[in-house]
Amino acid sequence: MSEKTVNSLVAKAYRLLVKREYSHHELLQRFLKQASRQVCDEAMRQLVSQGAQSDERFAESLCRSRHAAGKGPVLVRYELQKHQVNEELIEMAMEPYANEWKELAEKVRKKKFGDEVPKEYPALARQLRFLQQRGFGRAELSQYPHNCF
């Protein structure tokens, strides 16, 4: 195993991690384009042991940014799973927002459609579809009348 290659991957990772958090899987996929699996694994071990890379920090960062952008829990969970963050870390990262998703759904709906919830089904269905596309699920949409989901 080339020590120089491991060091160059670690240095590259530090340059990337200065800009934003990356998941273990995401960095590993980038590294595998440049070096063997063994070299990449060693570079990742160093990054994790030095505290430079943390899936826990990545999950918290992604949850915080998506929540601030008005995205719902279904979408956030999907993104974290796509990055191969384990389920325990996903639960820990999403837990601080557990009581805020319904309020966020209403805030996002009001921003797009105004204060009044429509009484007629087609207009309400349009708003519910919008919220569903933003990542809000049944739990958040159950607060609206004529819930069709």
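Relevant structure appears above.
What comes next is a walk through the structure. These figures come from a predicted structure and were not determined experimentally.

Following the criterion strictly, the structure yields nine salt bridges and no others. Arg57 serves as the salt-bridge partner of Glu21, at 3.0 Å between the closest nitrogen and oxygen. Here Glu21 is found in the loop between α1 (3-19) and α2 (24-32), whereas its partner Arg57 is found in helix α4 (residues 55-68), with 36 residues between them in sequence. The salt bridge involving Glu87 is made with Arg77; its shortest N-O contact spans 2.5 Å. Pair noted here: Glu87 is in helix α6 (residues 87-94) and Arg77 is in helix α5 (residues 73-82), with a separation of ten residues, a long-range link.

Phi is positive for Gln84, close to 60°, though the residue is something other than glycine. Structurally, Gln84 is set in the loop between α5 and α6.

Moving on, we come to the packing of aromatic side chains. Overall, the coordinates contain two aromatic pairs when judged by the stated rule. Summarising the aromatic geometry, the rings of Phe113 and Phe130 are spaced 5.4 Å apart at their centres and angled 85° between planes, so their arrangement reads as edge-to-face. On the criterion of sequence distance, the pair formed by Phe113 in helix α7 (residues 101-113) and Phe130 in helix α8 (residues 121-133) is long-range, its members being 17 residues apart. Accessibility expressed as a relative area gives 16% for Phe130, which makes it buried.

What follows concerns α4. For an α-helix, 3.6 residues make a turn, and residues three or four places apart therefore share a direction. Taking 1.5 Å of rise per residue, the 14 residues of α4 would be expected to cover 20 Å, and the 20 Å separating its terminal C-alpha atoms lies within 8% of that figure. By the burial criterion, the buried members of α4 are Asp55, Phe58, Ala59, Leu62, Cys63 and His67. Along α4, the residues classed as buried sweep out an arc of 150° about the axis, all on the same side. Check the buried side of α4 and you find it contacts α2, α5, α6 and α7. Of the residues that open α4, the one with a side-chain oxygen 3.3 Å from the backbone nitrogen of Glu56 is Ser54. With its phi angle positive at about 80°, Gly70 sits one or two positions after the end of α4.

Further remarks concern the nonpolar core. Counting 24 residues, the largest nonpolar core has Leu80 and Phe136 as the members making the most contacts within it. Those elements that place two or more of their residues in this core are α4, α5, α6, α7 and α8. Once residues within four sequence positions are removed from consideration, Leu80 is found in contact with Phe58, Ala59, Leu62, Cys63, Val85 and Ile90. In terms of nonpolar packing, the next biggest core, distinct from the first, is built from 17 residues, Val6, Ala13, Leu47 and Ala52 among them.

If you trace the backbone, Val18 turns up in helix α1. C-alpha separation for the pair Val18 and His67, spaced 49 residues apart in sequence, amounts to 22 Å.

Moving on, we get to the side chain of Arg109. Here Arg109 is to be found in helix α7. Ignoring anything within four residues of it in the chain, the contact list for Arg109 reads Gly114, Asp115, Glu116, Val117, Gln127, Leu131 and Tyr144.

The next thing to look at is the packing of α7 against α8. Axis separation between α7 and α8 bottoms out at 10 Å; the angle between their running directions is 125°. In this view, α7 runs oblique relative to α8, as classed from their interaxial angle. Both α7 and α8 take part in a crossing whose hand is right-handed. Of the residues in α8, those touching α7 at Ala105, Val108, Arg109, Lys112 and Phe113 are Arg126, Gln127, Phe130 and Leu131.

Criteria and thresholds
- Residues numbered from 1 in each chain as written.
- Predicted model: local features only at pLDDT ≥ 70, side-chain atom pairs only at ≥ 80, totals over all residues.
- Heavy atoms only, no water.
- Salt bridge = Lys/Arg side-chain N within 4 Å of Asp/Glu carboxyl O.
- Helix = DSSP H or I, 4+ residues; strand = E, 2+ residues; numbered from the N terminus.
- Phe/Tyr/Trp six-rings, centres within 6.5 Å; stacked < 30°, edge-to-face > 60°.
- Buried < 20%, exposed > 50% of the residue type's maximum accessible area, 1.4 Å probe, protein only.
- Expected span 1.5 Å × (residues − 1).
- Arc of directions from axis to C-beta.
- Contact = heavy atoms within 4.5 Å.
- Polar contact = N/O pair within 3.5 Å; in protein donor to acceptor, adjacent residues only side chain to side chain.
- Core = buried A, V, L, I, M, F, W, Y, C linked by side-chain atoms within 4.5 Å.
- Axes fitted to C-alpha atoms, helices over the stretch in contact; angles between N-to-C directions.
- Parallel < 35°, antiparallel > 145°, perpendicular 65-115°, else oblique.
- Left-handed = near helix turned anticlockwise from the far one by under 90°.

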